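Breakdown of the fold
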Amino acid sequence: MDLKIRLVLFASHLYFSIGFPIQVKTEQSYEEVAFSESEEETIYGLILKSNKGSKTRLYEGDISPKRHRSAMVCPFNWCFWPKSSNGLVIIPFVISSSYSPEEKALIIEAIQEYETLTCIHFVDRTTETDYIHISPKDGCWSYFGKIGGSQMVSVHNGGCMRKGIIQHELNHALGMLHEQNRNDRDKYVVIAWQYISPGDFYHFKPTRANNLGLEYDYSSVMHYHRFAFSNTSGKATIIPFPDSRVRIGQRHGLSNLDVAKINKLYECEVHSTLLSNLTGSFSSTIYQSPYPNNTNSVWLIRLPAHKIFLQFNSLYIQSSSDCASNHILVYDGGSRSDPVFLNKLCRPKQLPSVVSSGNMMLVELVSDGTSMPIFKASYSSVQCGKTFTAVNGKFESPLYPSHYPPRTDCAWIMIAPEGFMVSLKILSFHLEDSYQCQHDYLVIYDGGTSTARSESKYCANGLVPAFISSGNVVLVKFHSDYFLEYPGFQAEYSFISS
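My aim in this report is to walk through the structure given alongside it, one point at a time.

1. Re the nonpolar core
Ranked by size, the top nonpolar core spans 65 residues in total, and within it Ile120, Phe122, Ile132, Ile134, Phe204 and Tyr266 carry the most contacts. Excluding its chain neighbours within four sequence positions, the residues that come into contact with Phe122 are Ile91, Phe93, Ile111, Tyr114, Ile132 and Leu170. Residues Phe312, Ala411, Tyr458 and Tyr493 belong to the second largest nonpolar core, which totals 59 residues.

2. As for the side chain of Ser283
Its location among the elements puts Ser283 in strand β9 (residues 279-283). Accessibility expressed as a relative area gives 10% for Ser283, which makes it buried. In terms of polar contacts, Ser283 uses its side chain to reach the backbone carbonyl oxygen of Phe375, at 3.1 Å. Discounting chain neighbours no more than four positions away, the residues touching Ser283 are Trp299, Phe375 and Lys376.

3. Quick word on unusual backbone geometry
Omega for the bond connecting Phe241 with Pro242 falls within 30 degrees of zero, at 5°, which places this linkage in the cis form. Inspection of the secondary structure puts Pro242 in the loop between β7 (238-240) and α5 (256-265). Of note, the bond from Tyr400 into Pro401 is cis; its omega dihedral lies within 30 degrees of zero at 5°. Here Pro401 lies in the loop between β18 (392-396) and β19 (408-415). With phi around 70°, His306 is a residue other than glycine that occupies positive phi space.

4. Observations regarding the environment of Ser428
With respect to the element layout, Ser428 can be found in strand β20 (residues 420-430). Ser428 sits in the partly exposed class, given a relative accessible area of 26%. The spacing of Ser428 and Glu396 is 32 residues in sequence and 9.2 Å in space, taken between C-alpha atoms. Side-chain polar atoms of Ser428 contact the side chain of Tyr400, separated by 3.2 Å.

5. Some thoughts on the sheet that holds β9
Strand order in the open sheet made by the four strands is β9-β16-β11-β14, with antiparallel pairing throughout. Lying at the two open borders of the sheet, with one neighbouring strand each, are β9 and β14 (354-355). Direction of pairing for strand β11 (residues 307-316) relative to strand β16 (residues 374-382): antiparallel, over a ladder of nine bridges. Note that in β16 the partner of Leu310 across the bridge is Tyr379.

6. Quick notes on the environment of Leu106
In this structure, Leu106 sits in helix α3 (residues 101-117). The spatial distance from the C-alpha of Leu106 to the C-alpha of Arg162 is 7.5 Å, given a sequence separation of 56 residues. With sequence-adjacent residues up to four places away left out, Leu106 is seen in contact with Met161, Arg162, Lys163 and Ile166.

7. A look at the pattern of salt bridges
All chains considered together, the criterion is met by 11 salt bridges. Between Lys146 and Asp130 there is a salt bridge, with the nearest N and O atoms lying 3.0 Å from each other. Here Lys146 is found in the loop between β4 (140-141) and β5 (150-155), whereas its partner Asp130 is found in the loop between β2 (120-124) and β3 (131-135), with 16 residues between them in sequence. Residue Lys146 is classed as buried on the basis of its relative accessible area of 18%.

8. A closer look at helix α4 (residues 163-174)
Look at α4: 16 Å from first C-alpha to last across 12 residues, which is about the 16 Å you get at 1.5 Å a residue. With 12 of 12 residues buried, α4 is to be regarded as a mostly interior element. Among the residues making up α4, those that are buried are Lys163, Gly164, Ile165, Ile166, Gln167, His168, Glu169, Leu170, Asn171, His172, Ala173 and Leu174. Just downstream of α4, Gly175 is the residue with a positive phi angle, here 110°.

9. Observations regarding the side chain of Glu169
Here Glu169 is to be found in helix α4. Of the side chains bearing the opposite charge, Arg162 lies closest to the buried Glu169, which forms no salt bridge; the N-O distance is 12 Å.

10. Points about the pairing of β20
Pairing of β20 with strand β25 (residues 488-497) involves 10 bridges; the strand directions are antiparallel. Considered in β25, the bridge of Phe429 is made with Phe489. Relative to strand β23 (residues 467-468), β20 runs antiparallel, the two being bridged by two bridges. Bridge pairing in β23 places Ser423 opposite Ile468.

11. Let's talk about the sheet that holds β19
Taken together, the five strands give an open sheet; going across it, the order is β17-β19-β24-β21-β22, and neighbouring strands pair in mixed fashion. The sheet terminates laterally at β17 (384-388) and β22 (454-458), the two strands that pair on one side only. Taken over all neighbouring pairs, the strand axes of this sheet differ in orientation by 10° on average, direction set aside. Judged from the eight bridges that link them, β19 and strand β24 (residues 473-480) form a sheet pairing that is antiparallel. Bridge assignment links Ile415 to a residue of β24, and that residue is Val473.

12. Looking at the state of the cysteines
Applying the stated criterion to the full structure yields four disulfides. Disulfide pairing places Cys119 opposite Cys268 at an S-S distance of 2.0 Å. Taking the sign of the S-S torsion, -55° for the link of Cys119 and Cys268, the bridge is left-handed. Of this pair, Cys119 sits in the loop between α3 and β2 while Cys268 sits in the loop between α5 and β8 (271-275), and the two are 149 residues apart along the sequence. The burial state of Cys119 is the same as that of Cys268; both residues are buried.

13. Focus: the environment of Phe309
Along the polypeptide, Phe309 turns up in strand β11. Take Phe309: its relative accessible area is 4%, and that puts it in the buried class. Considering only alpha carbons, one finds Phe309 and Ser381, 72 residues apart in sequence, at a separation of 6.2 Å. Excluding anything up to four places from it in sequence, Phe309 contacts Ser353, Val354, Val355, Ser378, Tyr379, Ser380, Val382, Ala411, Ile413, Leu475 and Lys477.

Reading guide: rules and limits
Residues numbered from 1 in each chain as written. Predicted model: local features only at pLDDT ≥ 70, side-chain atom pairs only at ≥ 80, totals over all residues. Heavy atoms only, no water. Core = buried A, V, L, I, M, F, W, Y, C linked by side-chain atoms within 4.5 Å. Buried < 20%, exposed > 50% of the residue type's maximum accessible area, 1.4 Å probe, protein only. Contact = heavy atoms within 4.5 Å. Helix = DSSP H or I, 4+ residues; strand = E, 2+ residues; numbered from the N terminus. Polar contact = N/O pair within 3.5 Å; in protein donor to acceptor, adjacent residues only side chain to side chain. Pairing = 2+ DSSP bridges. Salt bridge = Lys/Arg side-chain N within 4 Å of Asp/Glu carboxyl O. Expected span 1.5 Å × (residues − 1). Lys, Arg positive; Asp, Glu negative; His and termini not counted. Axes fitted to C-alpha atoms, helices over the stretch in contact; angles between N-to-C directions. Disulfide = S-S within 2.5 Å.

Structure (structure tokens):
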């Protein structure tokens, strides 16, 4: 290891031995990667902005130190919310009437993600003595763990109204700490003390806590941002080690490791996975042992923006007349209260693809333990598209009849009832002309996935022949590259009896 890096780490460790940070120069290679402060405006950066001028005394920027403690090492779990006999952690809550309907809906969406992925269930408070009161006080802040009585979680309806910020503060109420204050953080980040004012040193003090055997999470919703408490514009206070290019913090919400920590901390007996990359795949075979009886396994796909194109690549599942044994459900959203795309699928056949209406989609596998359901699925981000189940309808390229945008991918799925076919007509068509349609194109698939037989790639300006499917599902994909845009297309479909 380079001598200068050794000195940086030694100085960081020495600070916690003598209680005062030594001023050191950060090794030059750490400063070669430039990150603007605007790019690093993560959840915690937004929290600090919102908390400027707050009259509430806050520890580490957003924690009220009414009872100073680390919830992850509290004796006898007295600062955890209790677990019910059914395995759920029930937390009564109240949302202030000061919020608008849109703000209240955002808070509910943030709360529902816990119910989807963990055993934490927030329920409307009736007469419970201990409960969380979400209110627009003076910034974004919370207490550590359960403190008893009416427990404030401040979510100001100015800069705090983001799902990730709401979840950050609720995590504090559950007993979660800031990620970069783990007791092993010096293995993963270097603190640049020379850019931190002495009065802010305490915000970076490691906390004696149980890390639950889980790896360090640079993308945690609980991580400080790169420029947290910097006293010099453009100078980072937290530098990932050994690769300074790693991005830290984010602004979208719980990470997969955040979910794992909650489930391990509260001993949740749930099978859940959060998928947040723009493309990816997942499989029921990630579990090495048979599913316990009556166990639901969920995969929540949550993208930063755009829609989700999901397709099942393979499926083996026990067939039953009423789907009572094992089945798959796909929801158009992030919770079980959202509309169902594919309902109680239990027959071993090719499943159609689906396109979400927003940036989240939930896949649930229900198993009674009688057999081992197996499936593999993949997903990708698309800028536009829709899943159609109505008997007829129209769709078109983005911005039609104006020129479609560059670098755009769209997918439309038409799913007719069993015993019906899909009739598709292209009413207007004008795309960029190229050899073998390698630039901009439209593809029609005679089936529910991109592996089904395709008629052809269509481009240029002219007629596209009418199409009737051989089955009950049709997939249409549109792609544009970075150069030359045209008016695009308009299409209509209808379901006809086979």
